[in-house]
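Structure at a glance
Each chain is listed here by its residues.
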Amino acid sequence: MTSIRQFQVTFDCADPERVARFWCEVLGYVVPPPPEGFADWGAFDRAQPAERQGSAFACVDPSGVGPRLFFQRVPEGKAVKNRLHLDVRIGPGLTGDERVAALEAECTRLLALGAVRVQLLRADGFGESCLVMQDVEGNEFCLD
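Let me sum up the structure you'll find in this document. (Residues numbered from 1 in each chain as written. Predicted model: local features only at pLDDT ≥ 70, side-chain atom pairs only at ≥ 80, totals over all residues. Heavy atoms only, no water.)

What follows concerns helix α3 (residues 96-111). Here α3 is 16 residues long and its end C-alpha atoms lie 22 Å apart, about the 22 Å a rise of 1.5 Å per residue gives. All of the buried residues in α3 are Arg 99, Val 100, Leu 103, Glu 106, Cys 107 and Leu 110. Buried residues of α3, viewed axially, fall in a sector of 130 degrees; they line one side. In this structure, α3 carries Asp 97, Glu 98 and Thr 108 as exposed residues pointing more than 90 degrees from its buried face. If you follow the buried residues of α3, they end up packed against α1 (16-27), β5 (116-121), β6 (130-134) and β7 (140-143). (Helix = DSSP H or I, 4+ residues; strand = E, 2+ residues; numbered from the N terminus. Expected span 1.5 Å × (residues − 1). Buried < 20%, exposed > 50% of the residue type's maximum accessible area, 1.4 Å probe, protein only. Arc of directions from axis to C-beta. Contact = heavy atoms within 4.5 Å.)

Another point: the nonpolar core. Core analysis: the largest hydrophobic core is formed by 26 residues, its most contacted members being Trp 23, Leu 69, Phe 71, Met 133, Phe 141 and Leu 143. For this core, the secondary structure elements donating two or more residues are β1 (8-13), α1, β2 (56-59), β3 (68-73), α3, β6 and β7. Looking at this core element by element, the count peaks at six residues for α1. (Core = buried A, V, L, I, M, F, W, Y, C linked by side-chain atoms within 4.5 Å.)

Across six bridges, β1 lies against β3 in parallel orientation. In the strand pairing of β3, Thr 10 is matched with Phe 70. Alignment of β2 against β3, held across four bridges, turns out to be antiparallel. Bridging from a neighbouring strand, Cys 59 pairs with Leu 69 of β3. (Pairing = 2+ DSSP bridges.)

Mapping Ser 55 onto the fold places it in the loop between α2 (41-46) and β2. Judged by its relative accessible area of 15%, Ser 55 is buried. If near-sequence neighbours (up to four positions away) are discounted, Ser 55 is found in contact with Pro 16, Phe 71, Gln 72 and Arg 73.

Attention now goes to the packing of α1 against α3. α3 packs onto α1 with a crossing angle of 150 degrees between their chain directions and a minimal axis gap of 11 Å. Classified by the interaxial angle, the pair formed by α1 and α3 is roughly antiparallel. For α1 against α3, the interelement crossing comes out right-handed. Residues Phe 22, Glu 25 and Val 26 of α1 form the contact with α3, whose participating residues are Glu 106, Arg 109 and Leu 110. Residue classes in the contact of α1 with α3 are distributed as three nonpolar, no polar and three charged. (Axes fitted to C-alpha atoms, helices over the stretch in contact; angles between N-to-C directions. Parallel < 35°, antiparallel > 145°, perpendicular 65-115°, else oblique. Left-handed = near helix turned anticlockwise from the far one by under 90°. Nonpolar A, V, L, I, M, F, W, Y, C, P; charged D, E, K, R; others polar.)

Read from one edge of the open sheet, four strands run β4-β7-β6-β5, paired in mixed fashion. For this open sheet the edge positions go to β4 (86-88) and β5, each flanked by a neighbour on one side alone. Across the sheet, the mean angle from the axis of one strand to that of its neighbour is 25 degrees, orientation sign disregarded. As judged from the three bridges shared by β4 and β7, these two strands associate in the parallel manner. Directly across from Asp 87, in β7, lies its bridge partner Cys 142. The sheet strands contacting α1 are β4 and β7, and the helix crosses β4 at an angle near 35 degrees.

Given below as structure tokens:
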């Protein structure tokens, strides 16, 4: 019998703190406390060698249920469509116009945070409507 393992989702990005704070707002996540001996993450970051400053940031589900999200700086920019993306569950159990209205309302909130709307995919008889978006660095995700 296999045991369930914890996991984190890691994002490659140019500005880890900016992207992490965006996802905190999207998901209701929080920035974890800084390591012992540091008043805040800024103090921790300033204690790192210059080449490592600003190179990583994380956020966590305050309830402890969802995975930790880790953001790491990489030198290359995003070039192609993600092979993996997050589905942010906005409308579970909703269908039709009620579902689309919930997706649109959340889209409006996320646009104010810097997200980009890509495309509303309407229900097709197989799957329900979802809304494709991009985060502040162009990583695709869906409002589902």
